[in-house]
Structure formats: structure tokens, C-alpha cells
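Fold and geometry: a report
The primary structure of each chain is shown beneath.
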Amino acid sequence: MGIVVKEATRERVVATMPVEGNTQPFGLLHGGASCVLAESVGSIGAALHGQVIGRPRAVGVDINATHHKAVHEGTVMAVATPLRLGMRIASYDIVITDDDGDRVCTARLTCMLLKS
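Every value quoted in this text rests on a predicted model; they were computed, and no experiment measured them. Residue indices follow the written sequence of each chain, beginning from 1 at its first position. Reporting of local features is limited, given that this is a predicted model, to residues whose pLDDT is at least 70; pairs of side-chain atoms are given and counted only at 80 or more, and all residues count toward the totals for whole chains, interfaces and linings. The basis for every side-chain value is the complete set of heavy atoms in the structure, and neither hydrogens nor water enter the calculation.

1. A word on the overall build of the chain
- By the criteria applied, helices consist of DSSP H or I runs no shorter than four residues and strands consist of E runs no shorter than two, each listed in order from the N terminus. Within the chain, the secondary structure is distributed over one helix and six strands.
- In the chain, the order of α-helices and β-strands from amino to carboxyl end is β-β-α-β-β-β-β.
- Radius of gyration: C-alpha atoms only; globule rule: 2.2 Å multiplied by the number of residues to the exponent 0.38. Expected size for 116 residues packed as a compact globule is a radius of gyration near 13 Å; at 14 Å, the chain falls within 12% of this value.
- By the burial criterion, 36% of the 116 residues in the chain qualify as buried.
- The contact definition used throughout considers only heavy atoms, calling two residues in contact when any of these lie within 4.5 Å. Contacts in the chain between residues far apart in sequence, at least 24 positions, make up 62% of those at least 6 positions apart.
- A total accessible area of about 6000 Å² is found for the chain, and carbon and sulfur atoms account for 52% of it.
- The charge count treats Lys and Arg as positive and Asp and Glu as negative. His and the chain ends do not count. Where a charge sits is defined by one atom per residue type, namely NZ (Lys), CZ (Arg), CG (Asp) or CD (Glu). Averaging the coordinates of the 11 positive side-chain charges in the chain and doing the same for the 11 negative ones gives two points 16 Å apart. For every residue, the accessible area obtained with a 1.4 Å probe (protein chains only) is divided by the maximum for its type, and the residue is called buried under 20%, exposed over 50%, and partly exposed between those limits. Using a 1.4 Å probe, the Shrake-Rupley method yields the accessible areas, and only the shown protein chains count as cover for residues.

2. Notes on the environment of C35
- Within the fold, C35 resides in helix α1 (residues 31-53).
- Using a relative accessible area of 23% as the deciding quantity, one classes C35 as partly exposed.
- Separated by 41 residues in the primary sequence, C35 and V76 place their C-alpha atoms 12 Å from one another.
- In this view, C35 contacts I63, A65 and H67; residues no more than four positions away in its chain are not counted.

3. What about the sheet that holds strand β3 (residues 57-67)?
- Strand pairing follows a simple DSSP-based rule, namely that at least 2 bridges must link the two strands. Pairing is antiparallel in the open sheet, where six strands are placed in the order β1-β2-β4-β5-β6-β3. The strands lining the two open edges of the sheet, one partner per strand, are β1 (4-9) and β3. Across the sheet, the mean angle separating the axes of adjacent strands is 20 degrees when strand polarity is ignored.
- For β1 and strand β2 (residues 12-18), the ladder comprises five bridges, and the chain directions are antiparallel. Bridge pairing in β2 places E7 opposite V14.
- Relative to the sheet, α1 contacts β1, β2, β3, β4 (75-85), β5 (89-97) and β6 (103-114), its axis offset from that of β6 by approximately 40 degrees. The axes are straight lines fitted to the C-alpha atoms, using for helices just the contacting stretch, and the angles between their N-to-C directions are given from 0 to 180°.

4. A look at the pairing of β4
- Where β2 and β4 come together, six bridges link them in antiparallel fashion. What sits directly across from A15, in β4, is A78.
- In this sheet, β5 lies alongside β4 in antiparallel orientation, the contact comprising eight bridges. Opposite V79, over in β5, you have V95 as the bridge partner.
- The antiparallel hairpin formed by β4 and β5 contains three residues in its connecting segment.

Nothing here speaks to function; it is all geometry.
Below, the structure written as C-alpha cells:
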């Protein structure tokens, strides 16, 4: 996937991913690749929150994504910010943008926080 994490706290996770190698047959960024990127950044944030509260295992229980714009080349960037950081559930809003800063995808991820 080529995902590179640039910043990671429970309040904000930022990562990039190349479009090349993550396309569907028509040469567009694959929606599934966007979901992998979204779940990666959201899960990292949830796990970091979980470490603070003694529930360090974050497992995804729900993800949804809306794909707004096709991307053919370059790099996409995902930024995850928390919607709710609870004791058993953490939900993140994830915005994926292209090299021009245009929104490509909006996703929401909910993770259950488990004890080790």
C-alpha cells in the first residue's frame, strides 16, 4: 500500500499513500485502498487513545466511506480526528485529500477498545 505515517497522536493522525500501485482496472485510486488508508489512520489514533485508558487493542467494528473525486496519480493524504473518545469505543472522522488539497474521500471509523 505504501502508507507512510507522518504524525500520530490520539487527537490527530496523518498519513500519505501513493496512488500508483493502489488503482483499480481503469487506473483510478481504488475505493478499497482509500478505506485501507482510512482504517489505518483511525485505528492508530484509537490504539493511542486506548493506551492512555488501559485498553490498548483497537479493533474496527464499523467503517463507511464516501468517495467524492477520482484520482489518477500522485499521493493522497489522510487526516484522522476523533469524533468521540470513550472508554470502550473510539470514533474517528477521516478526510482524504489529493495533491491539490481537494477532498477525495470522507470516512468514519469506529473501533472497540479492548484490554490486552
